[in-house]
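One letter stands for each residue in the lines below.
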2 protein chains.
Amino acid sequence: MYAEKIKSPADVKRLNESELTTLAQEMRNALLTKLSNHGGHIGPNLGMVEATIALHYVFNSPTDKMVYDVSHQSYSHKMLTGRMFAFLDPNEYDSVTGYTNIIESEHDFFNVGHTSTSVSLACGLAKARDLKGEKDNIIAIIGDGSLSGGEALEGLSNAGAMDTNMIIVVNDNEMSIAENHGGLYKSLKTLRESNGTSSNNLFKAMGLDYVYAENGNDIQTLIEAFNSIKDTTHPTVVHIHTLKGKGYAPAEKDKESWHWGMPFDLETGKPKFEDSTPDYGELTAEFLLKKMEKDPKVVAITSGTPTVMGFYPELRKKAGKQFVDVGIAEEHAIALASGIAANGATPVYGVYSTFIQRTYDQLSQDLCLNNNPAVIPVFMGTLMGMNDMTHLGFFDMAILGNIPNLVYLAPTCKNEYFSMLDWAMTQKKHPVAIRVPGGPMIEGDSHQDTDYSELNKFKTTHNGSEIAILGLGAFFSLAESVAEKLKSEKGINATVINPRYITGIDTELLEELKSNHKLVITLEDGILNGGFGEKIASFYGDSNMKVLNFGLKKEFADRYNVQELLEENHLTDNQIIEDAIKVLNQN
Amino acid sequence: MYAEKIKSPADVKRLNESELTTLAQEMRNALLTKLSNHGGHIGPNLGMVEATIALHYVFNSPTDKMVYDVSHQSYSHKMLTGRMFAFLDPNEYDSVTGYTNIIESEHDFFNVGHTSTSVSLACGLAKARDLKGEKDNIIAIIGDGSLSGGEALEGLSNAGAMDTNMIIVVNDNEMSIAENHGGLYKSLKTLRESNGTSSNNLFKAMGLDYVYAENGNDIQTLIEAFNSIKDTTHPTVVHIHTLKGKGYAPAEKDKESWHWGMPFDLETGKPKFEDSTPDYGELTAEFLLKKMEKDPKVVAITSGTPTVMGFYPELRKKAGKQFVDVGIAEEHAIALASGIAANGATPVYGVYSTFIQRTYDQLSQDLCLNNNPAVIPVFMGTLMGMNDMTHLGFFDMAILGNIPNLVYLAPTCKNEYFSMLDWAMTQKKHPVAIRVPGGPMIEGDSHQDTDYSELNKFKTTHNGSEIAILGLGAFFSLAESVAEKLKSEKGINATVINPRYITGIDTELLEELKSNHKLVITLEDGILNGGFGEKIASFYGDSNMKVLNFGLKKEFADRYNVQELLEENHLTDNQIIEDAIKVLNQN
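Residues numbered from 1 in each chain as written. Chains lettered and ligands numbered in written order. Predicted model: local features only at pLDDT ≥ 70, side-chain atom pairs only at ≥ 80, totals over all residues. Heavy atoms only, no water.

Trainee: Hey, could you run me through the overall build of chain A in this one?
Mentor: A count of helices and strands for chain A gives 24 helices and 19 strands. Computed over its C-alpha atoms, the radius of gyration of chain A comes to 26 Å, within 12% of the 25 Å expected for a compact globule of 587 residues. For chain A, the spread of C-alpha atoms along the principal axes amounts to about 80 × 55 × 50 Å. Taking all 587 residues of chain A together, 67% fall into the buried category. Contacts in chain A between residues at least 24 apart in sequence constitute 76% of all its contacts with a sequence separation of at least 6. When the accessible surface of chain A is summed, it comes to about 19500 Å², and 48% of that surface belongs to carbon and sulfur atoms. Charge separation in chain A, taken as the distance between the mean sites of 51 positive and 77 negative side-chain charges, equals 2 Å. (Helix = DSSP H or I, 4+ residues; strand = E, 2+ residues; numbered from the N terminus. Rg over C-alpha atoms; globule rule 2.2 N^0.38 Å. Buried < 20%, exposed > 50% of the residue type's maximum accessible area, 1.4 Å probe, protein only. Contact = heavy atoms within 4.5 Å. Areas by Shrake-Rupley, 256 points an atom, 1.4 Å probe, with all protein chains shown as cover. Lys, Arg positive; Asp, Glu negative; His and termini not counted. Charge placed at Lys NZ, Arg CZ, Asp CG, Glu CD.)

Set out below in structure tokens:
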């Protein structure tokens, strides 16, 4: 076995052609064993085994510097750079992250998890190298799916203007997470079909030199291609054609489903843990399809993640022209939605919390400055979602919550979410974003209204005194639980309020609370800084009302345990009650 | 005279070839008269007179819909769509904005002021048209300078995937605000030089049909070109070659200086009001050039607005490889800066407050998640700067202020700014942004420190009691003025504090204030929501300390009067004192 002897890239360079091929097979087996037991990105990593071996065979990492886009395809890179143990020893599976990580290895130059950033980051490494008068190779490795993002295209054009060594490996597996979308993919196709000779060449049009390698899963082909441009003095693209999911039949066949997955049975490909409960995404797709049937002007939009709103391939087909995937292009998605709304149709753009931050300016300028009634369900805006530091759902309230004209709603349960979505799609006055609640789905129907046009009207669900608890969105149930315990344990009959609106405060209701409350507690499922609670504290600043804001501190938490994070931030009912009683007693 | 008879596009269609030419001359004269007396965008509008006439001659606005990118070139469009009076009658000059505006006219579909948005917005109009089963032409008009922006490139690729009428007029005047930067401009050049026949074609590579018109200032050429693609069923680019500043010799000659200007003498081209006092930008360039001389690893970066940091052409030349213009590509700029810092050099990216919002995700993920020590002076983050609703400097604190790991500093005067800039460039621990103060330059030197590495340490400049005033950045002088009046008029000896850090609070100092203060006042030059003051209010929420936050309400204010805006937001010293005394008396 070669794999277990690979401690650094130097060990790769010692192997001959057939040994490298064996190494690739061993690595692929190790990947499959780990992935089937542990879950992770499947297709992207299976496709990149040979290319990664060839990169480390030809170049001298870390003197030569590789930057992986998204870096969800960097498992082989980790294996070859001192982290093989984390793929061979099940006890070590969690000792590496799913992305490149600057703390893990000197061979990793950035913490990366979002798409389309590698070329620009690598341009920075190259520029510094030139200023320092050094001579190493800088290599960005980017998938075809990531090319549609604005940052990648800005990066390509800027790389094309550099008069220096700058290598961009385009790993073309003909897929994004789902299928690719965008005119640029037409020319990638003609390039593949012409063995790289088509005159319709995006990379040349961006000012880059260009090399094509059809067999992107053949180590020798790749070694030759990389050797041919090693130490180049010009910005150069090496376009390699790989097979996503290579070596595992189910993943080769159904590339979209096997992009990322939970643990699965290696023989059958079936997931080890079936989850049959429908999620918010699936229910959203169902809801929207009904809307589409009734109204041909309803259109759902995704930026490369159709299943965030439950649009699996079959439902996309069903929606037809009423479903648009713009590729990984969040900026375009918001501007498109604004244009659609401006021209009288009803766009619904579903997006992950962690990705909506790519389009702040378009939200502000293209959409909200024009007050167009686009609808934006934001998913996984919660601490109970993705817990990699690159994919946190902590920040959307600080971002969307402070943009003029935007109405950002926080439903507390399933029914309220769909009531709000229904209203948002019917009204024509405001851009409306909706923070789909995080955590386990709550069926509750007590908070249902049909009209949310009277903006910033909070809803009192229980009238009490002394303490008022504002439980925003998913944290409304925490407010209820705090209230129950306050009653049973402390004899305090607290008021419970569902704020519903993130983007404004109900000054009238807040004013009324002063008459028989001493303390207002705010609970929010996101960072406190720039969020909801601080606005309440500011409102009461000139009064005797005490305010306690509960939420997350501003940080890039990484692979955290939910319960621990809650406790660290005093977000358990007992901690909240303790803090509240302290304030009541001190005054 | 034809111009004054043009009340709508229908009046344009009635003119014959020679009348159209005369109309163009009249419009150009009117533009020059207005611009020389009023100021505005000069070069972009002089270059677009003929193209705009041809567009309105061929297409049927507003049924056919034109979307102008940035829309700083839309003056001729305004003239031909019922707003000629605003260019002929000096009393009406201010009756139209400098950008397209949905309230002004049914021929304007969006409020636009930022670049690179037109293609995506137009795609939205086209999609809605198709869903409604209508047949009009949708036309985006975008300058070559705007093509480098990620949103425009995302838009081109998505337009190229549409199977419908979608027309993109590329107004190629070979210029951005300054000269163009990026590999894509090499292929624009080969297209121009080959009369549109070069195989190196970015637009075709994006999946678009393509038509070239060399003489973009000849009405007949343009009418033919537009007629040839009117009612097309495919996404199509019409690439027209125009002359920026056409018809005014000084503007044709020095395109960068004449992009935008204050009133000038039409004969000599000299500005009517000379301003010889150096601004923060010019001083920054001077400072950085000295740094560059000493250290070849210092590099200044701009995204298409080199003069924001005072880098006029001569200084750019002087800086050589230590100055990088990435074109209009803010996302790339931040990632580039992060990469440069990661590889041991010292990047300084100067950017306008209104444009940094285009790169939130890159600030968060590419830069701050990696904690790379890039330096970002943010200019015009103030209510005393640009006052068009599209270019407000109100929002940067709510954006940058809540990103983990970022240190956002608020200097109060010139000396403090340069002390902070010097420190930021020396330290290697944090990404540091600096909010260059707005308003008239303050020389003051009393706040100078050399080391800002002890984060979030506020600085007390006057010790008093009862009231403490935190004057952030440019509003520190307001704090001083409030303190003086409190003393002279109310006999209150207020404490004055320079917070210096926007991204964190000095809990120790705030705790100490409790001993002999009843009220803390915060003053900030930006929106309150998500800003600095709310964090102070939240800190004191559980105490008896009263807090008053002063700043702007969250809104897209438009062409406001500074004094009126200050008064509306209680930001004059008398109003602040009145509010403060009210709070003191009520308790």
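Trainee: Can you help me understand the relation of the copies chain A and chain B in this one?
Mentor: One copy of the chain maps onto the other through a rotation about an axis followed by a shift along the same axis. It takes a turn of 180 degrees to lay chain A on chain B, together with a shift of 0.0 Å along the axis; the resulting RMSD is 0.0 Å. Here the transformation between the copies is reduced to the relation of a two-fold axis. By residue overlap, the copies meet face to face through one surface: 100% of the interface positions of chain A are interface positions in chain B. (Least-squares fit on C-alpha atoms with pLDDT ≥ 70 in both.)

Trainee: Any chance you could explain the packing of helix α2 (residues 17–38) of chain B against helix α5 (residues 75–83) of chain B here in plain terms?
Mentor: Relative placement of two packed helices is described by the angle separating their axes and the distance separating the axes. Residue and element names in this part refer to chain B. The interhelical angle for the contact between α2 and α5, taken along N-to-C directions, is 115 degrees, at an axis separation of 11 Å. With respect to the hand of their crossing, α2 and α5 are arranged in right-handed fashion. Residue-level contacts link L23, M27, A30, L31 and L35 of α2 to Y75, S76, M79 and L80 of α5. The class makeup of the residues in the contact of α2 with α5 is eight nonpolar, one polar and no charged. (Axes fitted to C-alpha atoms, helices over the stretch in contact; angles between N-to-C directions. Left-handed = near helix turned anticlockwise from the far one by under 90°. Nonpolar A, V, L, I, M, F, W, Y, C, P; charged D, E, K, R; others polar.)

Trainee: Mind showing me how you'd approach the environment of M206 of chain B here?
Mentor: Topologically, M206 of chain B is positioned in the loop between α10 (202–205) and β5 (209–213). Residue M206 of chain B is classed as buried on the basis of its relative accessible area of 0%. As for M206 of chain B and L153 of chain B, which are separated by 53 residues in sequence, their C-alpha atoms are 8.8 Å apart. In contact with M206 of chain B, other than residues within four places in its own chain, are L153, G183, L184 and L202 of chain A together with L153, L156, S157 and G160 of chain B.

Trainee: Please clarify how the side chain of T522 of chain A should be interpreted in this entry.
Mentor: All names here are of chain A. Inspection of the secondary structure assignment puts T522 in strand β18 (residues 517–527). For T522, a relative accessible area of 0% puts it in the buried group. A polar side-chain atom of T522 sits 2.8 Å from a polar atom in the side chain of N549. Among all residues touching T522, those that are not within four sequence positions of it are L470, G533, I536, L548, N549 and F550. (Polar contact = N/O pair within 3.5 Å; in protein donor to acceptor, adjacent residues only side chain to side chain.)

Trainee: What should I look at first to understand the interface of chain A and chain B in this one?
Mentor: Reports often express the size of an interface as the amount of accessible area lost when the parts come together. At the interface, 108 residues of chain A touch 108 residues of chain B. Taken together, the connections running from chain A to chain B amount to two salt bridges. Across the salt bridge formed by R358 of chain A and D361 of chain B, the nearest N and O atoms sit 3.0 Å from each other. Applying the counting criterion to the chain A and chain B interface returns 60 residue pairs in polar contact (both at pLDDT 80 or more). In terms of residues, the side of chain A that touches chain B owes the most to one element, helix α7 (residues 118–132) of chain A, which gives 10 residues. A per-class count over the side of chain A that touches chain B returns 40 nonpolar, 46 polar and 22 charged. (Salt bridge = Lys/Arg side-chain N within 4 Å of Asp/Glu carboxyl O.)

Trainee: What is the right way to look at the nonpolar core in this model?
Mentor: Nonpolar side chains tend to gather and get buried jointly when the protein is soluble and globular. If you look at the biggest cluster of nonpolar residues, it comprises 308 residues, and the most contacted ones within it are I168 of chain A together with I168 of chain B. Beyond its immediate stretch of four places on either side in the chain, I168 of chain B contacts V119, A140, I142, L156, A159, L208, T236, V237 and V238 of chain B. (Core = buried A, V, L, I, M, F, W, Y, C linked by side-chain atoms within 4.5 Å.)

Trainee: What is the right way to look at the packing of aromatic side chains in this model?
Mentor: Aromatic rings in a pair are described by how distant their centres are and how their planes are angled relative to each other. Taken as a whole and assessed by the stated rule, the structure comprises 34 aromatic pairs over all chains. A centroid spacing of 5.9 Å and a plane angle of 85 degrees characterise the contact between Y352 of chain A and F355 of chain A, whose relative ring orientation is edge-to-face. Grouping residues by exposure puts Y352 of chain A and F355 of chain A together as buried. For the pair F458 of chain B and F532 of chain B, a centre-to-centre distance of 5.9 Å together with 50 degrees between the ring planes defines the contact as tilted. Placement of the pair is F458 of chain B in the loop between β14 (432–435) and β15 (459–462) and F532 of chain B in the loop between β18 (517–527) and α22 (533–539), with a sequence separation of 74 residues. Through pairs of rings, three or more aromatic residues link up here, namely Y280, F287, Y417 and F418 of chain A. (Phe/Tyr/Trp six-rings, centres within 6.5 Å; stacked < 30°, edge-to-face > 60°.)

Trainee: Even after reading the chapter, I still don't get the state of the cysteines, so can you show me in this structure?
Mentor: Covalent bonding between the sulfur atoms of two cysteines is what defines a disulfide. All chains considered together, the criterion is met by zero disulfides over all chains. Left without a disulfide partner, C123 of chain A is nearest to the cysteine sulfur of C368 of chain B, which lies 20 Å away. Looking at C123 of chain A, the relative accessible area reads 0%, which means it is buried. (Disulfide = S-S within 2.5 Å.)

Trainee: It is not clear to me how empty space enclosed by the protein should be interpreted in this structure. Could you clarify?
Mentor: The gaps of empty space that remain are located by a probe, the size of a water molecule, rolled over the atoms. Per the stated rule, a full pass over the model turns up 11 cavities of 30 Å³ or more. Quantified by volume, the largest cavity comes out at close to 80 Å³. Contributing to the lining of the largest cavity are 14 residues, with Y540, G541 and M545 of chain A together with Y540 and M545 of chain B lying nearest its centre. In the lining of the largest cavity, the residues fall into eight nonpolar, five polar and one charged. As a volume, the second largest cavity reaches approximately 70 Å³. The wall of the second largest cavity is formed by 13 residues, among which A410, R435, L472, G473 and A474 of chain B lie closest to the centre. (1 Å grid on protein atoms, 1.4 Å probe; cavity = no way out; pocket = protein on both sides within 12 Å on 5 of 7 lines; lining within 4 Å. Points joined across faces, edges and corners; volume = space filled by probe spheres on them.)

Trainee: What am I meant to see in the pairing of strand β2 (residues 65–68) of chain B here?
Mentor: In regular strands, side chains alternate between the two faces of the sheet. Residues and elements named next belong to chain B. Burial along β2 is two-sided: the residues K65 and V67 and M66 and Y68 are all buried. Alignment of β2 against strand β3 (residues 138–143), held across four bridges, turns out to be parallel. From the neighbouring strand, V67 faces β3, where its bridge partner is A140. (Pairing = 2+ DSSP bridges.)

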